[in-house]
Amino acid sequence: MRHSAVVTLTMNPALDVTADADQVLPTEKIRCRAERYDAGGGGINVARFIHALGEPVSAVLAAGGSTGSRVIDLVNAAGVPNTPVPIGGSTRESFTVNERTTGRQYRFVLPGPVVNAAEQDQCLDALRRAAASARFVVASGSLPPGVRPDFYQCVADVCRRADARLILDASGGGLTHVTSGVRVLKPSVRELRECIGRPLDTEAEQIAAARELIARGMTDAVVVSLGSQGALVVESSRSERVPAIAANTVSGVGAGDAMVAGMVVGLLRGWALGRAVGYGTAAAAAKLQTPGTSAFCLTDVDRLFGNSVKTGSESVIISS
C-alpha cells in the first residue's frame, strides 16, 4: 500500500445492498428492483469519499469470507489502496430498501462477525504500519462482536506514537472507553448523550457536554452532527454552528461519512476546523443526491461549498 496523507480504519465493514420496492408490507414478499452493491462501513465510506475529493487516502479493514472478498474487490474498483486483514468470520451485509410510494427508506444492519483477540492485534499492527507516514487517521464505525471495549483507545495510542492526528467517529461502548489522544471527536447528539449520560436537550447543554469531554483530555475538539440541522463545532474556547446545506435526498446512507471526509480534506488543506466542517456539510449534501452509498462528484461539492460561502451561511459563531 502506498503512503497516504490519510489512513482509515474499518473494523466492521459491510457489503451495502440497496434496492427499490413499491411498498414495504409485513408478511408479504417484497419484490425489489434496481439493486446495487457498494463497499460500506464507516472508514471505507470515508476513504472512498476522500478519494473522490482528490486527496490521497488508504484503508485498513478487517475482512472475511466471500462477502469480505466482494467488499475488497469493490474498494479496489473505487481506486482506494487498501490493506485487508483476514478474519475467520464472514463480513456482514447491510440492506437498504427505498419505498417508492412514500419516499421512506428502510435500513437493516447486521452486527457483524466475531473478531478474536489475535485478529484485533493484527488490525492494530496493520494500522501501525500504515499510520507511520500519515497526517490523519480516521477510525469510523461500529465495533464488531468480540472486540475489546477499549479498542479505540488502543487506536488512539497507535496514532499518538505515529504522530498522526486521530479523527474518531464511533458509537456505543467503543466511544465510552476512550480517554485520550483524539484530535476531533464526531458524535451525533444521541452518541454524545450516551457518552455523557444526560439528556442534552438544548444547544447550550450539548456545548457544555462537548467541553466536558475536552476538559477530561479525551479530545481537542468535538463536532456534534445534527443531521438536517448541520453541526456544532466545539473547542475549548470557542464554538460555532455550521448549518446544513439543502439537498434533494436520494439516499441518506453514508451522509455522515461524507461529512467526515470533507472535514478531513479541509484540515489537510490547513483550514480552521469550522471551515473544514463547512466543507464536510457540502460533501454530505452532495452525497444525499447519490444512490446507495455511491460517491459524489467533486464539482458538486465545490459548487455547494462555494454557494454557502457566497451567501454567508458557512457558520455562525456562538461563543469565543
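Residues numbered from 1 in each chain as written. Predicted model: local features only at pLDDT ≥ 70, side-chain atom pairs only at ≥ 80, totals over all residues. Heavy atoms only, no water.

Enquirer: Talk me through the nonpolar core; I want residue IDs and the actual numbers.
Expert: A general tendency of soluble globular proteins is for nonpolar side chains to be buried together. Core analysis: the biggest nonpolar cluster contains 52 residues, and V6, I167, M263 and L273 have the highest contact counts within it. Those residues in contact with M263, other than ones at most four positions away along the chain, are I167, V184, V223, L273, A276, V277 and G280. (Core = buried A, V, L, I, M, F, W, Y, C linked by side-chain atoms within 4.5 Å. Buried < 20%, exposed > 50% of the residue type's maximum accessible area, 1.4 Å probe, protein only. Contact = heavy atoms within 4.5 Å.)

Enquirer: Lay out the pairing of strand β12 (residues 231-234) in plain terms, naming residues and giving numbers.
Expert: Here β12 shows a buried face lined by A231 and V233 and a second buried face lined by L232 and V234. Bridge count between strand β11 (residues 219-225) and β12: 4 bridges; the pairing is antiparallel. Bridge pairing links V223 to V233 in β12. The hairpin formed by β11 and β12 contains 5 residues between the paired strands, and G227 there has a positive phi angle of roughly 65°. The loop that links β12 with its antiparallel partner strand β13 (residues 239-242) comprises 4 residues. (Helix = DSSP H or I, 4+ residues; strand = E, 2+ residues; numbered from the N terminus. Pairing = 2+ DSSP bridges.)

Enquirer: Can you lay out the sheet that holds strand β6 (residues 92-99) for me, pointing to particular residues and giving the numbers?
Expert: Taken in spatial order, the 4 strands line up as β3-β2-β6-β7 in an open sheet, and their pairing is mixed. A strand with exactly one partner marks an edge of an open sheet, and here the two such strands are β3 (33-40) and β7 (105-109). When the angles between neighbouring strand axes are averaged without regard to direction, this sheet yields 15°. In this structure, strand β2 (residues 14-21) lies alongside β3, joined through 6 bridges in antiparallel fashion. Note that in β3 the partner of T18 across the bridge is R36. Across the sheet, helix α2 (residues 65-77) touches β2, β3 and β6, and the angle it forms with β3 is around 85°. (Axes fitted to C-alpha atoms, helices over the stretch in contact; angles between N-to-C directions.)

Enquirer: Go over the layout of surface pockets, please, and point to the residues and values.
Expert: If you add up the space inside the largest pocket, you get close to 1100 Å³. Lining the largest pocket are 45 residues, and of these R107, G254, A255, G256 and D257 lie nearest its centre. When contributions to the lining of the largest pocket are tallied by element, the ones reaching two or more residues are β2, α1 (42-52), β6, β7, α6 (189-196), α8 (255-268) and α9 (273-288). A per-class count over the lining of the largest pocket returns 16 nonpolar, 21 polar and 8 charged. Within this model, the second largest pocket holds a volume of roughly 150 Å³. (1 Å grid on protein atoms, 1.4 Å probe; cavity = no way out; pocket = protein on both sides within 12 Å on 5 of 7 lines; lining within 4 Å. Points joined across faces, edges and corners; volume = space filled by probe spheres on them. Nonpolar A, V, L, I, M, F, W, Y, C, P; charged D, E, K, R; others polar.)

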